[in-house]
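Next come the chains, spelled out residue by residue.
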Amino acid sequence: MMSSKILAWVTFLYFASFTGYLIGMIRGRDLWGKIASGAAAAGLLAHTAALLLRWKESYDLGIGHAPLSNLYESLVFFAWAVVFLYLVVEWRTRNRAPGVFVVPVAFFLMAFASLSPNVNDRIQPLIPALQSNWLTSHVITCFMGYAAFTVAFGLAILHLIKGRKKTGGTSRFLGLIPDREDLEELLYQSTLLGFVFLTLGIMTGSVWAHYAWGAYWSWDPKETWSLITWIVYAALLHARFVRGWRGTRLAVLALVGFAAMLFTYLGVNYLPSLHAYM
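Here's a quick rundown of the structure. (Residues numbered from 1 in each chain as written. Predicted model: local features only at pLDDT ≥ 70, side-chain atom pairs only at ≥ 80, totals over all residues. Heavy atoms only, no water.)

**A short note on the packing of aromatic side chains**
Working step 1: In this structure the tally under the stated criterion is 18 aromatic pairs.
Working step 2: Ring centres of Y146 and Y265 lie 6.1 Å apart, and the angle between their planes is 50°; on these two criteria the pair is classed as tilted. One end of the pair, Y146, is in helix α5 (residues 134–162); the other, Y265, is in helix α9 (residues 248–265), and 119 residues separate them in sequence.
Working step 3: Just above the ring of Y188 sits the side chain of R240; from NZ or CZ to the centre is 4.5 Å. (Phe/Tyr/Trp six-rings, centres within 6.5 Å; stacked < 30°, edge-to-face > 60°. Helix = DSSP H or I, 4+ residues; strand = E, 2+ residues; numbered from the N terminus. Lys NZ or Arg CZ within 6 Å of the ring centre and 35° of its normal.)

This is how it looks when you write it as structure tokens:
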């Protein structure tokens, strides 16, 4: 499939972007950051074209559906959403530091999709449970939420690194990282955005489950871990907005939430689950 070949090249573009961000931070050269941003933007454009082409290819095969139906396609869309939201944040803040930790997540997702023997990149007919109009809305909302949490993860790492600054001097690397207050506000906004999307994802998933399996909630491992992830991020937002938490504690909660989100997405696949195909 031509779309798979394009996506393979996108993987290399994201690796090149990550490398540029890293060199730019280490050497303190904005030129490398600009190259990294350009590579990420080029990758995103090619990524978008490949997703649209894969959608067309599915119709050419007579089994037309949005490219969101199996593990390969979900990995690819997850990576797309991560880069898309990251570039929005970079454009808003005019700061490239988060790219060092966010873009490699997209690269690893794409590399896993391309190289893992357990991931099939063939376009396949939808199984009966996926033959629903709820498929697109549920998957898009969930993965946009996951992508926002990934951006928050990168910001949390920067926040912790910035907090290790020694009194009396600032390295070139630390000087390129935004102030902790700005990082904290961005982390809060990214988490809030992800929380809204995840909430919508859980709601649409419940309606879809009722349509497919006759019950809104069955405590399937995927559902249970989605709820756990939702609770972790709800606790973060509550702690910040109501309890007035600031600083390291929020960053650590964001890392815990990211770990729970990854287990919800990938770890649950190794458990008996109705969602094993995702």
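Next comes the rest of the write-up.
**As for helix α1 (residues 2–27)**
Working step 1: With 26 residues, α1 extends 38 Å between its outermost C-alpha atoms, agreeing within 8% with the 38 Å of an ideal straight helix rising 1.5 Å per residue.
Working step 2: When we look at burial in α1, the residues that qualify are S3, S4, L7, V10, T11, Y14, S17, G20, Y21, G24 and M25.
Working step 3: Residue G28 follows α1 closely and has a positive phi angle near 70°. (Expected span 1.5 Å × (residues − 1). Buried < 20%, exposed > 50% of the residue type's maximum accessible area, 1.4 Å probe, protein only.)

**Observations concerning the environment of V139**
Working step 1: Relative to the assigned elements, V139 resides in helix α5.
Working step 2: V139 sits 51 residues away from S190 along the chain, and the two C-alpha atoms are 19 Å apart.

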